Amino acid sequence: NREELSMLALVLDTLRRSLLTCKASEEEVASMDIGWPTNVRHVTHVTFDRFNGFLGLPVEFEIEIPRRVPSASASVFGVSPESMQCSYDSKGNSVPTILLLMQERLYSQGGLKAEGIFRINAENSHEEIVREQLNRGIVPHDIDLHCLAGLIKAWFRELPKGVLDTLTPEQVMQCHNEEQCVELVKLLPPTQAALLDWALNLMADVAQEEASNKMNSRNIAMVFAPNMTQMADPLTALMHAVQVMNILKTLIVRTLRDRQEAV
């Protein structure tokens, strides 16, 4: 009986101490004086996307935050688009995310107004360094604009199969007007059609800044054409590239006209 009474006394004492502690904590909270925030500044807005990770991070944190590997292989160049991490562009095209990252950096650094953009080549040594960073999904901030433009062309040129290579040479060579060009594009598989539409809008954006960059629809189509198809025979490849250039030019002009009409 004595043991039971001692245990009961211990429990009651513990309970009394708990109640006193809770009461003291409540009094402390009630006495806290929370003032109005001062000197508050909105620095940045960061969101989390379950496909692409953190969006809107300050530059100093970008490299430290783990990100999805942009490709299933060790490189983002020379691999199938289907094996790469993809995102939607403003037109609803599903294209490799690395293309969108390069495009965003090109635009934000004034690349559309750089004279000879996509025509002037950068130093190969600088390009190799940037390739290594792109393979990790990082587009460096100090990148040369002509190097960046050249790598966008290289991405298309080094595809296992050119964007237009699902079409036969006969289908391409028999395309002579805008209506035929539009119908030709409809024959492309979804992946190639999305890549072509993304590239056409990029080229149209360049052509719109012709006054600054000296690159009209024909010039930008000329430098992109050899990267959109692959052929072993040099003579056939040359003839094919000229026809592809004409097709691209026609579609760029059509894209620009559609934009004007929409405005």
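Nothing here was measured: the structure is a model prediction, and the numbers come from that model.

Analysis parameters
Residues numbered from 1 in each chain as written. Predicted model: local features only at pLDDT ≥ 70, side-chain atom pairs only at ≥ 80, totals over all residues. Heavy atoms only, no water. Helix = DSSP H or I, 4+ residues; strand = E, 2+ residues; numbered from the N terminus. Buried < 20%, exposed > 50% of the residue type's maximum accessible area, 1.4 Å probe, protein only. Contact = heavy atoms within 4.5 Å. Areas by Shrake-Rupley, 256 points an atom, 1.4 Å probe, with all protein chains shown as cover. Core = buried A, V, L, I, M, F, W, Y, C linked by side-chain atoms within 4.5 Å. Axes fitted to C-alpha atoms, helices over the stretch in contact; angles between N-to-C directions. Left-handed = near helix turned anticlockwise from the far one by under 90°. Salt bridge = Lys/Arg side-chain N within 4 Å of Asp/Glu carboxyl O.

Colleague: I keep staring at the overall build of the protein chain and nothing clicks. Help me out?
Modeller: When helices and strands are tallied, the protein chain shows 11 helices and four strands. Classification of the 263 residues of the protein chain by burial places 38% in the buried group. Put simply, of all contacts in the protein chain between residues at least 6 apart along the chain, 67% involve residues at least 24 apart. Of the roughly 16400 Å² of accessible surface on the protein chain, 56% is carried by carbon and sulfur atoms.

Colleague: Any chance you could explain the nonpolar core here in plain terms?
Modeller: A general tendency of soluble globular proteins is for nonpolar side chains to be buried together. If you look at the biggest cluster of nonpolar residues, it comprises 62 residues, and the most contacted ones within it are Phe118, Phe156, Phe224, Met228 and Leu248. For this core, the secondary structure elements donating two or more residues are α3 (97-108), α4 (124-134), α5 (145-157), α7 (178-185), α8 (190-208), α10 (217-224) and α11 (234-262). For this core, the leading source of residues is α8, giving 11 residues. With sequence-adjacent residues up to four places away left out, Leu248 is seen in contact with Leu196, Leu200, Met203, Ala221, Phe224, Ala225 and Met228.

Colleague: What exactly am I supposed to notice about the packing of α4 against α5 here?
Modeller: A pair of packed helices is characterised by two quantities: the angle between their axes and the separation of those axes. One can describe the packing of α4 onto α5 by two numbers: an axis separation of 10 Å at closest approach and a directional angle of 65 degrees. Note on packing geometry: the crossing formed by α4 with α5 is right-handed. Two secondary-structure elements touch here, α4 through His126, Glu127, Val130, Arg131 and Leu134 and α5 through Cys147, Leu151 and Ala154.

Colleague: Just checking my understanding: could you explain the pattern of salt bridges for this structure?
Modeller: If charged atoms from side chains of opposite charge come close, those side chains can pair. The final tally for this structure, using the stated rule, is eight salt bridges. The salt bridge partner of Arg131 is Glu127, with a shortest N-O separation of 3.4 Å. Of the two residues, Arg131 and Glu127 are both situated in helix α4; the distance of four residues between them amounts to about one turn of the helix. With a relative accessible area of 16%, Glu127 lands in the buried category. Here Arg259 and Asp205 are joined by a salt bridge, their closest N and O atoms 2.7 Å apart. Residue Arg259 is located in helix α11, and its partner Asp205 is located in helix α8; the two are separated by 54 residues in the primary sequence. Overall, the relative accessible area of 16% leaves Asp205 in the buried class.

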